[in-house]
Amino acid sequence: MVVWATTIGSVAGPNLAAPAGRLGERFGLPGQAGPYALAALAFGLAAFGIFAGLRPDPLQLVQEQKPAGTLAPDRSLGAAWSTLRTSRSGRVAVAAIVVSHSSMVALMSMTPVHLHHGGATVTVVGVVISLHIAGMYALSPLVGWLADQLGHVPVLLLGMAQLIAATALAGTSSAHDLGRLSAGLILLGTGWSCGLVAGSALLTESVPVEGRTSVQGLSDLMMNGGGALGGVLAGLIVMMFSYAVLAGLIAAFVMPMMVILFLARDSR
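Note that this is a predicted model, so its numbers are computed, not measured.

Quick notes on the side chain of S193
Then, number 1: In this structure, S193 sits in helix α10 (residues 178-206).
Then, number 2: Not counting chain neighbours up to four residues away, the residues in contact with S193 comprise G135, M136, S140, V143 and A198.

What follows is the structure, given as structure tokens:
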């Protein structure tokens, strides 16, 4: 439900790029600076809402519920890594999250470039990316329900299969084939959703309560690091080869994770 709550802003955001640019120009900003100014305002309002509304802080509630004399858990990076090393299912969960996020960022970030090469306007790019983001977030409650009903690993396998299907559709699409590209990007989004939701649930239940905060932080660090690396490498691959080659390499990157998940399919 928390992931689903981001759907409206995430889908609307890309389609506000052009209007925000025009609005920025009215205030003397360069046209491309308008969307950044709007993003800064939106993030500021979100931060204020969390600061003012998230009272009491959930972490404070947990600390108040501890028995007297209980030692505070070690939330260092080293402690998180040690906790993760003792949990095979936890390591599988983090690997699945990293693969899902890295693959999504790599292909998604180069899709606007691919469309631009075909002469697509910013509006068209915004629509395609909005469909992709809708796939990421809009169905997340359904993904969570499936993970509860079928198990986390089967849903992770489903996510990897969707990522591979997405690379097949997008990688074989010309820059003018908006329908095929959109379908590929939607599958890329739903595959990411399966990876993130089911992977996070599997990770949470795979480590002790006192270690969950630090392990989740380590997982987020690795996920975003993988996404950053994926974005950089994707640009280099498209520059040196092509968008189709990028899609093929992403598929090859996802396949070993499918094998690992298949072998771990009895994990809960």
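Still more to cover.
Some thoughts on the environment of L157
Then, number 1: Positionally, L157 belongs in helix α9 (residues 152-171).
Then, number 2: Along the chain, L157 and G31 lie 126 residues apart, while their C-alpha atoms are 43 Å from each other.
Then, number 3: The contacts of L157, once residues within four sequence positions are left out, are M258, L261 and F262.

What about the side chain of S173?
Then, number 1: With respect to the secondary-structure elements, S173 resides in the loop between α9 and α10.
Then, number 2: With near-sequence residues (within four places) excluded, S173 lies in contact with H114, R180 and L181.

Topic: the packing of aromatic side chains
Then, number 1: The final tally for this structure, using the stated rule, is one aromatic pair.
Then, number 2: An angle of 80° between the planes, with centres 5.5 Å apart, marks the rings of Y137 and W192 as edge-to-face. Of this pair, Y137 sits in helix α7 (residues 122-137) while W192 sits in helix α10, and the two are 55 residues apart along the sequence. This pair shows no difference in class: Y137 is buried, exactly as W192 is.
Then, number 3: Here the guanidinium or amino end of R55 rests over the ring plane of F51, the centre of that ring lying 4.7 Å away.

Re the packing of helix α6 (residues 88-117) against helix α11 (residues 212-240)
The geometry of a pair of packed helices is captured by two quantities: the angle between their axes and the separation between those axes.
Then, number 1: Where α6 contacts α11, the axes come no closer than 7 Å and their chain directions differ by 35°. Classified by chirality, the crossing of α11 by α6 is right-handed. Note on element contacts: α11 touches α6 through S219, M222, M223, N224, G226, G227, G230, G231, A234, G235 and V238, opposite V94, I97, V98, H101, S102, V105, A106, S109 and M110.
Then, number 2: The class makeup of the residues in the contact of α6 with α11 is 10 nonpolar, 10 polar and no charged.

What counts and how
- Residues numbered from 1 in each chain as written.
- Predicted model: local features only at pLDDT ≥ 70, side-chain atom pairs only at ≥ 80, totals over all residues.
- Heavy atoms only, no water.
- Helix = DSSP H or I, 4+ residues; strand = E, 2+ residues; numbered from the N terminus.
- Contact = heavy atoms within 4.5 Å.
- Phe/Tyr/Trp six-rings, centres within 6.5 Å; stacked < 30°, edge-to-face > 60°.
- Buried < 20%, exposed > 50% of the residue type's maximum accessible area, 1.4 Å probe, protein only.
- Lys NZ or Arg CZ within 6 Å of the ring centre and 35° of its normal.
- Axes fitted to C-alpha atoms, helices over the stretch in contact; angles between N-to-C directions.
- Left-handed = near helix turned anticlockwise from the far one by under 90°.
- Nonpolar A, V, L, I, M, F, W, Y, C, P; charged D, E, K, R; others polar.

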